[in-house]
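Chain by chain, the residues:
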Amino acid sequence: MKAEVIDNVWVDEFASLGEALTYAKANTNRRSSDTRSEKDWYGSPDLDTAVKMGFDGWHDIRPKVEALFSRMEEQINMAIGDVFEMRYDYGGDSVDIDRFLMGDPECMMEYDVVPAGRMGRVVKVLVNGAASCAVSADKIQQRGALAVALVDVLNKLGVGVEVWLESATEYDNKYHSQLIKLHSSEERLDVNRLMFAMAHPSMLRRVGFSILEQTGWAPAKVCAQIGAGYGRPHKLTQGKRLEADVEIDRLELATGDPVADGVAYIMSTIKGLDLL
């Protein structure tokens, strides 16, 4: 974990979800992060259970993500502008004479279909994991399902995706950011682990609380206490520094149909990135 002050924001940055989970579990002075009550609000009975779920992945919400994705499939399949990328192989459609005469066994040229506008693209997605105490577990799940569906769609379009989760907090006009790199574009996408981080209330109310209970951010000594509220959710603070292409900021405040409006949001985002 790396802690630094950036533009008046105390940032606790984690290189991976695993690092954040391990840090949260190591908390020796647990307070609200380990309170054994209000299971629906927390989403789990205790911190250790939440951490285990984070490592194992969360499968229960997958149908919600698939419901979103199935609504978009037809539109995505209508994407146009495929181009071809050439690669050398032992077999293929045509021969490279120079390579053949040099005795290179990989002298055949093969052509792969690569969607135009997507070759070599890496899209950085930053999601705000903060939510007030009045926000229900269902609302957190709806927001998370939308975020995961967007990442899933980008991945299925053949685009590299880098995913960050930021829980931004304000207390007494001072600001804190828990910043976690959830997925690198070089990694295989693990949707179930991504679902826990972005759609399970325990990510904020167990893991996030535990991180806040251990941070060096001075206001946490006051606000990260039982009954003290753990600060107020704040808008994203690290989008510019990360050069995020997409910022999903406090969607729990949105109204309307989470599926129908979610489809519209995802499709407009993809089109705005010139991927369709």
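Quick caveat: nothing in here was measured; it's all calculated off a predicted structure.

### Focus on the confidence of the model for the protein
Predicted confidence across the protein gives a mean pLDDT of 86, with 84% of residues reaching 70 or more. Every residue in residues 80-84 is under pLDDT 50, and counting partners more than four places away or in other chains gives 14 contacts.

### Things to note about the pairing of strand β7 (residues 160-171)
By the criterion of burial, β7 is predominantly enclosed, with 11 of the 12 residues buried. Bridging between strand β6 (residues 122-128) and β7 involves 7 bridges; their strand directions are parallel. Across the sheet, residue Val123 finds its bridge partner in β7, namely Val161. The pairing of β7 with strand β8 (residues 174-183) spans 9 bridges and is antiparallel. Bridge pairing in β8 links Leu165 to Ile180. Counted between consecutive antiparallel strands, the loop separating β7 from β8 contains 2 residues, among which Asp172 sits at a positive phi close to 55°. Bridge count for β7 against strand β9 (residues 232-233) is 2 bridges, and the pairing is antiparallel.

### A word on the packing of aromatic side chains
Inspection of every chain in the model, using the stated rule, returns 4 aromatic pairs. Judged by centre distance (5.0 Å) and plane angle (90°), the rings of Trp41 and Tyr42 are edge-to-face. With a relative accessible area of 21%, Trp41 lands in the partly exposed category. Residues Phe209 and Tyr230 carry aromatic rings whose centres are separated by 4.2 Å and whose planes lie at 20° to one another, so their mutual orientation is stacked.

### Structural notes on unusual backbone geometry
For residues that are not glycine, phi is negative in most cases, and the peptide bond is trans in most cases. In this structure, Asn8 takes a positive phi of about 70° despite not being glycine. Inspection of the secondary structure puts Asn8 in the loop between β1 (2-6) and β2 (9-14). In this structure Asn8 comes out as exposed when scored by relative accessible area, which is 69%. At Asp274, a position not held by glycine, the phi torsion is positive, near 60°.

### Let's talk about the pattern of salt bridges
Summed over the entire model, instances satisfying the criterion amount to 10 salt bridges. The partner of Lys52 in a salt bridge is Asp56, and the shortest N-O contact between them spans 2.6 Å. With Lys52 and Asp56 both in helix α3 (residues 47-56), this residue pair falls 4 residues apart, about one helical turn. Residue Asp56 is classed as partly exposed on the basis of its relative accessible area of 46%. As a salt-bridge pair, Asp172 and Lys174 come within 4.0 Å of each other at their nearest N and O atoms. Taken together, the salt bridges that share partners define one network made up of Lys25, Arg30, Asp34 and Asp48.

So, how was this worked out
- Residues numbered from 1 in each chain as written.
- Predicted model: local features only at pLDDT ≥ 70, side-chain atom pairs only at ≥ 80, totals over all residues.
- Heavy atoms only, no water.
- pLDDT = per-residue confidence, 0-100.
- Contact = heavy atoms within 4.5 Å.
- Buried < 20%, exposed > 50% of the residue type's maximum accessible area, 1.4 Å probe, protein only.
- Helix = DSSP H or I, 4+ residues; strand = E, 2+ residues; numbered from the N terminus.
- Pairing = 2+ DSSP bridges.
- Phe/Tyr/Trp six-rings, centres within 6.5 Å; stacked < 30°, edge-to-face > 60°.
- Salt bridge = Lys/Arg side-chain N within 4 Å of Asp/Glu carboxyl O.

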